[in-house]
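# Structural features, examined
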Number of protein chains: 2
Amino acid sequence: MLREVTLEDIRPIAIGAGILGTGGGGNPYLGGLHLASVIREKGPQTLMDPFTLADEALVCVAGTIGAPTVSIEKLPEGTEMLRALRLLEQHTGRQFDAVAIAEIGGSNSMQPLIAGLQAGIPTVDSDSMGRAFPEIQMSSYLFGSDAKVAPYAMVDAADNAAVVPSAVSDLWGERIARNIAVSMGARAGLVACMMSGAQLKASGVHYTMSLAHHLGARAIEAQEQKSDVPQVAADVLDGEVIFRGKISDVNRRTAKGFARGHVRIDRFSPVSARGSKDDRLEIEFQNELLIVRINGEVVVTTPDLICIVTEEEGEPVTTELLRYGTRVAVIAAPAPAQLKSEVALEVVGPRAFGYDVEFCPLPGGVIGRRPAG
Amino acid sequence: MLREVTLEDIRPIAIGAGILGTGGGGNPYLGGLHLASVIREKGPQTLMDPFTLADEALVCVAGTIGAPTVSIEKLPEGTEMLRALRLLEQHTGRQFDAVAIAEIGGSNSMQPLIAGLQAGIPTVDSDSMGRAFPEIQMSSYLFGSDAKVAPYAMVDAADNAAVVPSAVSDLWGERIARNIAVSMGARAGLVACMMSGAQLKASGVHYTMSLAHHLGARAIEAQEQKSDVPQVAADVLDGEVIFRGKISDVNRRTAKGFARGHVRIDRFSPVSARGSKDDRLEIEFQNELLIVRINGEVVVTTPDLICIVTEEEGEPVTTELLRYGTRVAVIAAPAPAQLKSEVALEVVGPRAFGYDVEFCPLPGGVIGRRPAG
């Protein structure tokens, strides 16, 4: 289990969280560069076992809200989350004891390390998705406890700031935050979801920073040994490599603060010249990869994880970087148990995203389990 | 000069502020019903001569932000502005001494009376436009002093609230507020523009509530005497009736939180059967009426006032109620001096709205002058 995050841990976390990010969560390479600069200045960040957190401790989540397509062009000023955290403390008159992770995916796995280091408080080894999702209400901290998204604070790279003291519901909180993020140029630092240690322990998907690190370390090892990186990654996640092929079409648009679209992947060497029965895979995404169809038939559905990695190196490919011609492998892995309850599926199941299909769960799963050591 | 606002004053203010509203500011009839219910409960509202305000007094503006097209269908809960005012007081730790008027147009002329009554503080007989404009930064309190739009607070009819502690500029403050208003269903209560009595006195367009009341009273008198109401209204405003005719086309869409479009008016009995040279008038609007063309030639431009009233009764017609077949008169009147400086025209002149025409000022003007008595 990881106890602190040093410069050396950034690359494994970037790869692991990139894969766990299911295409979203923001670009992990850029997030890693930012984290490295803060660690160089302030030293390693303490990672806290969630079960060592006092029940009455006050925790928040910190991250970037916006469209990943924007975030690769509009770089952060660097202190957005710290300023949002201080603003929320000032507005509520309370002080945070630790920062938790909203989503373990991509850059947003690293933002809580940056925010914690800058604020001088530890980061909890726990997130609320065990992957990434596009919207705030899709957080197990929210649907798994009576914590609320509001009050929350948002700050952009310039001097724009906003506090939302209350929202009718977490969905309304998301709508307002999304529109504020759009006004802020589709990228802002967000500190939200004030909760107690007890609420976090009851609702979180735990030890996912340790899992991301382990997954990344195994992938790097496999890269060095020239072994099958996608297969190694799938094994770590108790999942499988369901497809290997070349991206033949990407339809992507940045709308309402999201990167939406679909990607088509054609299998290498089809069985017959006219194409075999299962030669075409399509994935729908809304920041994250949500639904896989093979030749039109749904085979994997949110909240189960759908991860695109490069075929040779097993490096994660986020949705904003999907492009024609890339040779990729598609990994499917079972979602953590916290996302599969009836309550959870109403918020993160296929219908929550507007897809008229049932959730067809993959068997097994390791995400959210306490690692050995 | 009006010293307090009673139930009897509501109808004249509704008509006067409806005309001054240049098509915007929200429906004055609905605003009047709301104000009447609050006066019935709490008594008349004190109207304060701006020059009796202490230099160090703390003043805010209060109003409704959103699309007038929405506001006629989505009625307020009734305490939006009071809740926003208290939220801003709580966030900043300061107390307001009085409420000023953002725009004297339409319903937004009455909102500061409602907010003041509910909060137990007087309303200042001063606004920042002498008319209505669609965006927050178009306020003389802002471009005429060093006051800023942020910090501000917004509250909707339900339990959604937001505070914007800082904005890069007033234009950024407007963008963020507009998007929050859209999230809140294109209608929200807004309390903004914290300023001192000294700032208000230096930058406001004064005595416009008294002017609205006087204008409305003269119009009602003319209605009773069956005289030419549009002409009487034009005379009060030192303007003229530039056109009388029938609305023959309305193009209106609610986009990005605004009611945008244009209206065409055809002159009664054209001089020849083929139409005379000046038989067609067109007005462009963005919540408010901004540019008049007669047969394609620009004749009146923002910030000068363009007011549509019914031809017979002289009742104001707001943009959301423009419809085919209505017989109307168009009044043009000179804007207050505060809107015609170089600095002001950058914010409220034709180019600020995207029209590639120069401001062609009408001569004279009375708006903002101290009334007799």
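Everything discussed here concerns the structure shown above.
Let us look at the structure shown here.

Cut-offs and rules
- Residues numbered from 1 in each chain as written.
- Chains lettered and ligands numbered in written order.
- Predicted model: local features only at pLDDT ≥ 70, side-chain atom pairs only at ≥ 80, totals over all residues.
- Heavy atoms only, no water.
- Contact = heavy atoms within 4.5 Å.
- Salt bridge = Lys/Arg side-chain N within 4 Å of Asp/Glu carboxyl O.
- Polar contact = N/O pair within 3.5 Å; in protein donor to acceptor, adjacent residues only side chain to side chain.
- Helix = DSSP H or I, 4+ residues; strand = E, 2+ residues; numbered from the N terminus.
- Nonpolar A, V, L, I, M, F, W, Y, C, P; charged D, E, K, R; others polar.
- Pairing = 2+ DSSP bridges.
- Buried < 20%, exposed > 50% of the residue type's maximum accessible area, 1.4 Å probe, protein only.
- Core = buried A, V, L, I, M, F, W, Y, C linked by side-chain atoms within 4.5 Å.
- Phe/Tyr/Trp six-rings, centres within 6.5 Å; stacked < 30°, edge-to-face > 60°.
- Lys NZ or Arg CZ within 6 Å of the ring centre and 35° of its normal.
- 1 Å grid on protein atoms, 1.4 Å probe; cavity = no way out; pocket = protein on both sides within 12 Å on 5 of 7 lines; lining within 4 Å.
- Points joined across faces, edges and corners; volume = space filled by probe spheres on them.
- Least-squares fit on C-alpha atoms with pLDDT ≥ 70 in both.
- Expected span 1.5 Å × (residues − 1).
- Axes fitted to C-alpha atoms, helices over the stretch in contact; angles between N-to-C directions.
- Parallel < 35°, antiparallel > 145°, perpendicular 65-115°, else oblique.

Take the interface of chain B and chain A next. Frequently, the measure chosen for interface size is the accessible area that the parts lose on association. Taken residue by residue, the interface counts 22 residues in chain B and 22 residues in chain A. At the boundary of chain B with chain A, the tally comes to 0 salt bridges. Our enumeration of links across chain B and chain A arrives at 11 residue pairs in polar contact (both at pLDDT 80 or more). Elements with a minimum of two residues in the side of chain B that touches chain A: helix H4 (80-92), strand S8 (161-166) and helix H7 (170-183) of chain B. The biggest single contributor to the side of chain B that touches chain A is H7(B), with 7 residues. Of the residues that constitute the side of chain B that touches chain A, the class distribution is 14 nonpolar, 6 polar and 2 charged. Pairing geometry for strand S8 (residues 161-164) of chain A and S8(B), over 2 bridges, is antiparallel. Bridged to A:Ala161 within S8(B) is B:Ser166.

With that out of the way, let us pick up helix H5 (residues 111-119) of chain B. All names here are of chain B. Among the 9 residues that make up H5, 9 are buried, leaving the element largely enclosed by the rest of the structure. Among the residues making up H5, those that are buried are Gln 111, Pro 112, Leu 113, Ile 114, Ala 115, Gly 116, Leu 117, Gln 118 and Ala 119. Count one or two residues on from H5 and you reach Gly 120, which has phi positive near 80 degrees.

Another point: the environment of A:Asp238. All names here are of chain A. Within the fold, Asp 238 resides in the loop between helix H10 (229-236) and strand S11 (240-255). Classification of Asp 238 as partly exposed rests on a relative accessible area of 35%. Linking Asp 238 and Gly 364, residues 126 residues apart in sequence, is a C-alpha distance of 6.7 Å. Leaving out residues up to four positions away in the same chain, Asp 238 has contacts with Pro 334, Pro 363, Gly 364, Gly 365 and Val 366.

Residue and element names in this part refer to chain B. With 2 bridges joining them, strand S1 (residues 4-5) and strand S2 (residues 45-48) adopt antiparallel strand pairing. Counterpart to Glu 4 in the pairing with S2 is Thr 46. With 2 bridges joining them, S2 and strand S5 (residues 123-124) adopt parallel strand pairing. By the bridge assignment for S5, Met 48 is matched with Val 124.

Our focus in this paragraph is the nonpolar core. Ranked by internal contacts, the top residues of the largest apolar core, which has 152 residues, are A:Leu20 and B:Leu20. Sequence-distant contacts of A:Leu20, that is, excluding residues within four places in its chain, are made with A:Ile104, A:Gly105, A:Gly130, A:Arg131, A:Ala132, A:Thr208, A:Leu211, A:Ala212, A:Leu215, A:Leu237, A:Leu305 and A:Ile367. Judged by nonpolar contacts, the second largest core, of 62 residues, contains A:Ala188, A:Leu200, B:Ile136 and B:Val164.

Within this structure, the stated rule accounts for 4 aromatic pairs over all chains. Between B:Phe51 and B:Tyr207, the aromatic rings sit 6.4 Å apart at their centres with planes inclined by 35 degrees, giving tilted as the arrangement. Highlighted residues: B:Phe51 in the loop between S2 and strand S3 (58-66) and B:Tyr207 in the loop between strand S10 (205-206) and helix H9 (208-224), separated in sequence by 156 residues. For B:Phe51, a relative accessible area of 48% translates into the label partly exposed. On the basis of relative accessible area, B:Tyr207 is assigned to the buried category, the value being 5%. Sitting over the ring of A:Trp172, A:Arg175 keeps its end group 4.7 Å from the ring centre.

Evaluation of the coordinates by the stated rule reveals 3 cavities of 30 Å³ or more. Its volume calculated, the largest cavity comes out at about 70 Å³. What lines the largest cavity is simply B:His34, B:Gly63, B:Thr64, B:Pro76, B:Gly78, B:Glu80, B:Met81, B:Gln111, B:Arg187, B:Ala188 and B:Gly189. Secondary structure elements with two or more residues in the lining of the largest cavity: S3, H4 and strand S9 (187-196) of chain B. If you tally residues by element for the lining of the largest cavity, the top one is S9(B), at 3 residues. Of the residues contributing to the lining of the largest cavity, the split by class is 3 nonpolar, 6 polar and 2 charged. In this structure, the second largest cavity occupies an estimated 50 Å³ of space. Every residue lining the second largest cavity is listed: A:His34, A:Thr64, A:Pro76, A:Glu80, A:Met81, A:Gln111, A:Arg187, A:Ala188 and A:Gly189.

Attention now goes to the relation of the copies chain B and chain A. The operation relating chain B to chain A is a screw motion whose rotation component is 180 degrees, with 0.0 Å of axial translation and a residual RMSD of 0.0 Å. The superposition of one copy onto the other is thereby described by a two-fold rotation axis. Both copies contact each other with a shared surface, as 100% of the interface residues of chain B are interface residues in chain A too.

Bringing helix H9 (residues 208-224) of chain A into the picture now. Residues spaced three or four apart along an α-helix point in a common direction, a consequence of the helix completing one turn every 3.6 residues. Residues and elements named next belong to chain A. With 17 residues, H9 should cover 24 Å at 1.5 Å per step; its first-to-last C-alpha distance of 24 Å lies within 8% of that length. Within H9, 12 of the 17 residues are buried, which leaves the element mostly enclosed by the surrounding structure. When H9 is considered as a whole, its buried residues turn out to be Thr 208, Met 209, Ser 210, Leu 211, Ala 212, His 213, Leu 215, Gly 216, Ala 219, Ile 220, Ala 222 and Gln 223. One or two residues past the end of H9 sits Lys 226, with phi positive at roughly 55 degrees.

This part covers the sheet that holds strand S13 (residues 280-286) of chain B. All names here are of chain B. Spatial ordering of the open sheet is given by S15-S14-S13-S12-S11-S17-S16, a layout of 7 strands whose pairing is antiparallel. With one partner strand each, in any of the chains shown, strand S15 (297-301) and strand S16 (305-310) form the two edges of the open sheet. Direction aside, the axes of adjacent strands within the sheet are offset by 35 degrees on average. Pairing analysis gives 7 bridges linking strand S12 (residues 258-267) to S13, with the strands arranged antiparallel. Following the sheet pairing, Arg 264 is matched in S13 by Glu 282.

This part is about the sheet that holds strand S16 (residues 305-310) of chain A. Strand pairing in a sheet relies on backbone hydrogen bonds, with the paired strands running either antiparallel or parallel. All names here are of chain A. Taken together, 7 strands build an open sheet; the order of strands is S15-S14-S13-S12-S11-S17-S16 and the sheet is antiparallel. Looking at which strands have only one partner, the edges of the open sheet turn out to be strand S15 (297-301) and S16. Averaged over all neighbouring strand pairs, the angle between strand axes comes to 35 degrees, with direction disregarded. In terms of strand pairing, S16 meets strand S17 (residues 327-333) through 6 bridges, oriented antiparallel. Note on S17: the bridge partner recorded for Val 309 is Ala 329. Along the sheet, H10 contacts S11, S16 and S17; its crossing angle with S11, the most-contacted strand, is approximately 90 degrees.

Opposite charge on two side chains makes pairing possible when the charged atoms of those side chains draw close. Evaluation of the coordinates by the stated rule reveals 28 salt bridges over all chains. Where A:Glu311 meets A:Arg244, a salt bridge forms, and the shortest distance between an N and an O atom there is 3.2 Å. With A:Glu311 in the loop between S16 and S17 and A:Arg244 in strand S11, this residue pair connects regions lying 67 residues apart in the sequence. Exposure remark for A:Arg244: the relative accessible area of 22% places this residue in the partly exposed category. Between B:Arg83 and B:Glu77 there is a salt bridge, with its nearest N and O atoms 3.2 Å apart. Judged by its relative accessible area of 43%, B:Glu77 falls in the partly exposed class. Through salt bridges with shared partners, a single network forms among A:Asp228, A:Arg244 and A:Glu311.

This part takes up the packing of helix H4 (residues 80-92) of chain A against H4(B). Running from N to C, H4(A) and H4(B) point in directions that differ by 105 degrees, and their axes come no closer than 8 Å. Classed by the angle they form, the pair H4(A) and H4(B) counts as roughly perpendicular. For the pair H4(A) and H4(B), contact is made by A:Leu87, A:Gln90 and A:His91 and by B:Leu87, B:Gln90 and B:His91, respectively. A per-class count over the contact of H4(A) with H4(B) returns 2 nonpolar, 4 polar and no charged.

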